[in-house]
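If you want the building blocks of each chain, they are given just below.
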Amino acid sequence: MNRTTHPPGHRRVPHRKGAAPAAAPAPGRTPARRRPASQQWAAWGFLAPVTLYLVLFYAYPLYRNIDLSLRNYTVRSFVQGNAPFTGLDNFRTVFDDPTFAPALLHTVVFTVVCLVFQYTIGLALAVFFNQNFRLSATLRGLFLVPWLLPLIVSASTWSWMLNSDSGIVNAALGMVGIGPVNWLTSPDWSLTSVIIANTWVGVPFNLVVLYSGLQSIPTSLYEAAALDGANAWQRFWRITFPLLRPVSAITLLLGLVYTLKVFDTIWIMTKGGPADSSTTFATWSYQLGFGSLLPAFGPGAAVGNLLVVTALVFGLLYVRVQRKQALS
Amino acid sequence: MNTSARRRLTAAALTVVAVTVGATACSSGSGSAGTKDADGGTYTIWDPYPQFDKSSEWAKLLDVCGKSAGVKIKRTAFDTSDLTNKALLAAQQDNSADVLIVDNPVVSTLAEAGVLTTTDDNKVDTSKVDPNLLAAGQAGGKTYGTPIGANTLALYYNEDVLEKAGVDIASVKDWPSLTAALAKVKAAGKKGITFSAIGTEEGSFQFLPWFWGSGAQLTALDSDQAVSALSLWKGWLDKGYAPNSVINNTQTTSWAEFATGDYAFSENGTWQLANAEKVGFDYGVIPVPASAGGNAAAPTGGEFVTIPVQGDTARYATSQKLVSCITSDENLNYTDKTLSYVAPTSEVQDKQIAANDDLKPWVDAVKAAKGRTSDDLGTKYPKISEQLWKAVQSALSGSASPKDALDSAQSAVK
């Protein structure tokens, strides 16, 4: 125990001083102090890879993105690196853009509706598979397929199936006498279509996590409830649901962060169109930065930052919930 | 610090070993743009032809050109849509390719960014190139490259479908006669026309022949002529002459629809010629008609060969040799055959027609075609184009009338 708590305690020292040479006075004072100093070096050594990794792959890109969003980048200043600092101008441009309000609405609707359906269907399936009938393991395995498929494959398949003229969905609807629906090409339906596809992709994640949560509920509780005369419905609402609450909270919070940033499914299926009817912040950010021949890096980065902040808020919420659970 | 320094040392040592070992082998790894050997060295070429691998004729041609210039070639192929940003990033890091082959509407953007050298500086000869093609690579009186080939749009038609519907292709001369032909085709139980109206540059590219054919100008998206062009497309969708899926069609999916043999017409490009031979029905090609007859100007497609700015200006001389080799008459003829493009110079066009008579309508179409960034639109074009494809999408999907869609497009451009 002592050993494992040591490095984090030492980590704080070099962190505050910022650089290794600052720790140099430590060795050479007394022989007794020598030992911790070399240990400190070792701690640094262990810490270096992860610090380097975090700085290179998290801190620097984040800094670059914030920098991009605060400067007025044209293609010329992007190349020559002399873009003038314009404060929050890019954010103002983004807020004033006629796309902002619809994009915000779509992002909220997309995230909430996807989460509700993913969670409900995932939970229903988890309870169903918890019965352990024959072939249940095989079936559960099959349900994982959407999760394992690369998004480009599943999204392309969905866009073929939902094609207005040659899609299988419209063909099936036609057989029962329902007229063709322009799933991807009508502004009234495009958001619904991407929600359907994304729900399908997200159900397995909910299924797996909730299923493992169900496993940890002791069966004796159900037996006791059954003896007391509780029916299946009561058993679900009085036992399963309350005991599953911690797992549910984590599933929903993770799902929220995943859904907020969904880009591939929407981009492949509708490109955020037609007429911005399925544009979310994620696709809008891409559209601004890379979607046209003349990239608007500044506003694109600004929209990206809004997404990062939103995800961060919910990420922190997730950490808090987790800490609470660890304490209880 | 300590560990990273040691690591860097190890990395350096490994690099030295790798370089010594790999010196005689083919060019390896990255950073070749930075390597400046006294003896020739390695020159990098970026192109948007990922369909050609190492064993392709195109890659071999580049190697041959490299050999004749006394240098080694390192070629990287990118997806077209990726190449602009990659080129900008590379320029930002002062790590540009020595020769960059890019889609023509991008040239003015890269030129604006100061990424490309002018032909005054790099001494590439563009005197033989057709002026209407070269215009796409010109901005502010300067020329920033030379076209490797050109393609454009025209209407492919399915002879069998038209025959069954009782349509004589010679009667299709203007918009009313084309719409009448589509009505006959639909009445005969077949499908009318397919095109691509997707919300990307492709959508604008496909709409432009109709836009220009109406007499509209890119500087006024809300003109009556422009509205008439968009209303034409909208009318086709409403009457079922064109499938609703065109709103999400790329040019490739639109071609796939035509290849089913159900459609009478398809607006598509020169590059589909090779595929057209494989469709299994008789097809023909006519230029896109203008609103009141005659041929509409179609936009030019195809790439430009350019020489990006380098820190070491001594490299331009060799880059110029490479470009001259790639765009020499003989090589152009050869390359444009593999790409299914029309050559950018009259001399080579004549050779192409002599070899393949089917190319005649395409050569005519290319001669009548117009660059998207021409008329000194330059970097204004990307903004106009984005609003144009948005307007097309809004109108076709029914979220706004053609008039309203184009009005808001024009006000967004300003």
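**Student:** Can you lay out the overall build of chain A for me, pointing to particular residues and giving the numbers?
**Tutor:** Within chain A one finds 16 helices and zero strands. A sequence separation of at least 24 residues applies to 66% of the contacts in chain A between residues at least 6 apart.

**Student:** Outline the overall build of chain B, supporting the account with residue identities and numerical values.
**Tutor:** The helix and strand inventory of chain B stands at 18 helices and eleven strands. Across its three principal directions, the C-alpha atoms of chain B cover 75 × 50 × 40 Å. Across the 414 residues in chain B, those meeting the buried criterion constitute 48%. Summarising the internal contacts of chain B: among those between residues at least 6 apart in sequence, 73% fall at separations of at least 24.

**Student:** Describe the environment of V305 of chain B, listing the residues and the values that go with them.
**Tutor:** All names here are of chain B. Here V305 is to be found in strand 11 (residues 303-306). Classification of V305 by C-beta neighbours within 10 Å gives buried; the count is 23. Linking V305 and G137, residues 168 residues apart in sequence, is a C-alpha distance of 9.7 Å. In contact with V305, not counting residues within four places along its chain, are V99, I101, G145, T146, I148, V323, I326 and T327.

**Student:** Requested: an account of the interface of chain A and chain B, with residues and values cited.
**Tutor:** Contact with chain A, which involves 29 residues of that partner, is made by 35 residues of chain B. When residues of the side of chain A that touches chain B are traced back to their parent elements, those giving at least two are helix 2 (31-69) and helix 3 (75-80) of chain A. Among the elements that make up the side of chain A that touches chain B, the one with the highest residue count is helix 3 of chain A (five residues).

**Student:** So what's going on with the sheet that holds strand 11 of chain B? Which residues, and what values?
**Tutor:** All names here are of chain B. Read across the open sheet, the five strands follow the order 2-1-3-11-6; overall the sheet is mixed. Across the chains shown, the open sheet's two edge strands, defined by having one partner strand only, are strand 2 (72-77) and strand 6 (146-147). Sheet topology note: the strand 6/strand 11 ladder contains two bridges and is antiparallel. Looking across to strand 11, one finds that T146 is bridged to V305. Against the sheet, helix 4 (residues 104-112) makes contact with strand 3 (99-103), strand 6 and strand 11, and its axis sits at roughly 120° relative to strand 3, the strand it touches most.

**Student:** Report on the sheet that holds strand 8 (residues 191-194) of chain B, specifying residues and quantitative values.
**Tutor:** Residue and element names in this part refer to chain B. Strand order in this open sheet of four strands is 8-9-7-10, and the pairing throughout is mixed. Where the open sheet ends on each side, the last strands, each with one partner, are strand 8 and strand 10 (283-286). Within this sheet the neighbouring strands show an average axis-to-axis angle of 20°, counted without direction. Inspection of the sheet shows strand 7 (residues 153-158) paired to strand 10 by four bridges, in the antiparallel sense. Within strand 10, the residue paired with N158 across the bridge is Y283. The strands touched by helix 11 (residues 251-259) within the sheet are strand 7, strand 8 and strand 9 (263-269), with strand 9 carrying the most contacts at an inclination of about 150°.

**Student:** Which residues make up unusual backbone geometry, and what are the values?
**Tutor:** All names here are of chain A. The phi angle at K271 is positive, at roughly 55°, despite the residue not being glycine. When you line up the elements, K271 lands in the loop between helix 14 (264-269) and helix 15 (281-290). Here K271 falls in the buried class, since 22 other C-beta atoms lie within 10 Å of it. Positive phi values are uncommon outside glycine, yet A275 reaches one of about 55°.

**Student:** Quick rundown of the nonpolar core? Include the residues and the values.
**Tutor:** Formed by 151 residues in total, the largest nonpolar core has its most connected members in L230 and A264 of chain B. At eight residues, helix 17 (residues 380-397) of chain B tops the list of elements feeding residues into this core. Here L230 of chain B is in contact with A391, V392, A395, P402, A405 and L406 of chain B, once residues within four sequence places are set aside. One finds L125, A126, L210 and L244 of chain A within the second-largest nonpolar core, a separate group that totals eight residues.

**Student:** Account for helix 15 of chain A, with residues named and values stated.
**Tutor:** Counting buried residues in helix 15 of chain A gives seven out of ten residues, a clear majority hidden from the surface. Summarising the contacts, the buried residues of helix 15 of chain A are in contact with helix 5 (100-129), helix 14 and helix 16 (297-327) of chain A.

**Student:** A description of the packing of helix 4 (residues 89-96) of chain A against helix 16 of chain A should follow, citing residues and the corresponding values.
**Tutor:** All names here are of chain A. Taken N-terminus to C-terminus, the directions of helix 4 and helix 16 make an angle of 80°; their axes are 8 Å apart at the nearest point. In this view, helix 4 runs roughly perpendicular relative to helix 16, as classed from their interaxial angle. Contact residues: helix 4 offers N90, F91, T93 and V94, while helix 16 offers G298, P299, A302 and V303. Looking at the contact of helix 4 with helix 16 residue by residue, the classes come out as five nonpolar, three polar and no charged.

**Student:** Go over the confidence of the model for chain B, please, and point to the residues and values.
**Tutor:** Residues and elements named next belong to chain B. Of the residues in chain B, 90% have a pLDDT of 70 or more, and the chain-wide mean is 83. Overall, residues 1-38 carries pLDDT values under 50, and its contacts beyond four positions in sequence, including any with other chains, amount to 23 contacts. Complex prediction metrics read pTM 0.78 and ipTM 0.73.

**Student:** For the domain arrangement of chain A, give the residues involved together with the corresponding values.
**Tutor:** By a frequent convention, interface size equals the accessible area lost on bringing the separate parts together. Residues and elements named next belong to chain A. Taken as a whole, chain A is organised into domain 1 (2-69) and domain 2 (89-327). At the junction of the two partners, domain 1 supplies four residues and domain 2 supplies seven residues. Among the residues making up the side of domain 1 that touches domain 2, the classes are represented as two nonpolar, two polar and no charged.

**Student:** Can you lay out the environment of A264 of chain B for me, pointing to particular residues and giving the numbers?
**Tutor:** Residue and element names in this part refer to chain B. Counting through the fold element by element, A264 comes out in strand 9. Taking the C-alpha atoms as reference points, A264 and N158, 106 residues apart in sequence, are found 5.1 Å from one another. For A264, the contacting residues outside a window of four places in its chain are Y157, N158, V161, L162, A165, L182, V185, K190, G192 and I193.

**Student:** Can you break down helix 11 (residues 219-227) of chain A residue by residue, with the values?
**Tutor:** Sparse coverage of helix 11 of chain A is indicated by the burial of zero of its nine residues. Just beyond helix 11 of chain A, the residue with positive phi is G229 of chain A, at close to 90°.

**Student:** Before we move on, can you summarise the packing of helix 5 of chain A against helix 10 (residues 190-215) of chain A with the specific residues and values?
**Tutor:** Residue and element names in this part refer to chain A. Look at helix 5 against helix 10: their axes get within 6 Å of each other, and the N-to-C directions meet at 40°. It follows that helix 5 is oblique to helix 10 by the angle criterion. Considering only the axes of helix 5 and helix 10, their crossing is right-handed. Residues belonging to the contact of helix 5 with helix 10 are distributed by class as follows: 19 nonpolar, seven polar and no charged.

Calculation criteria
Here, residues in each chain are numbered from 1, in the same order as that chain's written sequence. To label them, take the chains in the order written and letter them from A, then take the ligands in the order written and number them from 1. Local features are withheld for residues below a pLDDT of 70 in this predicted model, meaning they are given only at 70 or higher, and side-chain atom pairs are given and counted only at 80 or more; totals for whole chains, interfaces and linings count all residues. A run of H or I in DSSP becomes a helix once it reaches four residues, and a run of E becomes a strand once it reaches two; helices and strands are each numbered from the N terminus. The contact criterion used is a C-beta to C-beta distance within 7 Å, with each C-beta placed from the backbone. Between the buried cut of 20 or more and the exposed cut of 12 or fewer other C-beta atoms within 10 Å of a residue's own C-beta lies the partly exposed class, and all C-beta atoms are placed from the backbone. In this analysis, strands are considered paired if DSSP registers two or more bridges between them. Note on definitions: angles span 0 to 180 degrees between N-to-C directions of axes, and those axes are lines fitted to C-alpha atoms, for helices only across the stretch in contact. By convention the nonpolar core is taken to be a set of buried residues drawn from Ala, Val, Leu, Ile, Met, Phe, Trp, Tyr and Cys and joined through C-beta atoms within 7 Å. These descriptions rest on fixed angle ranges, namely under 35 degrees for roughly parallel, over 145 for roughly antiparallel, 65 to 115 for roughly perpendicular, and the rest for oblique. Three classes are used, and their members are as follows: Ala, Val, Leu, Ile, Met, Phe, Trp, Tyr, Cys and Pro are nonpolar, Asp, Glu, Lys and Arg are charged, and the others, Gly among them, are polar. What pLDDT reports is the predictor's confidence in each residue, on a scale of 0 through 100. Each domain's limits were defined by an automated method or a database of domain assignments. In this scheme the crossing of two helices becomes right-handed for a clockwise turn of the near helix relative to the far one and left-handed for an anticlockwise turn of less than a right angle.

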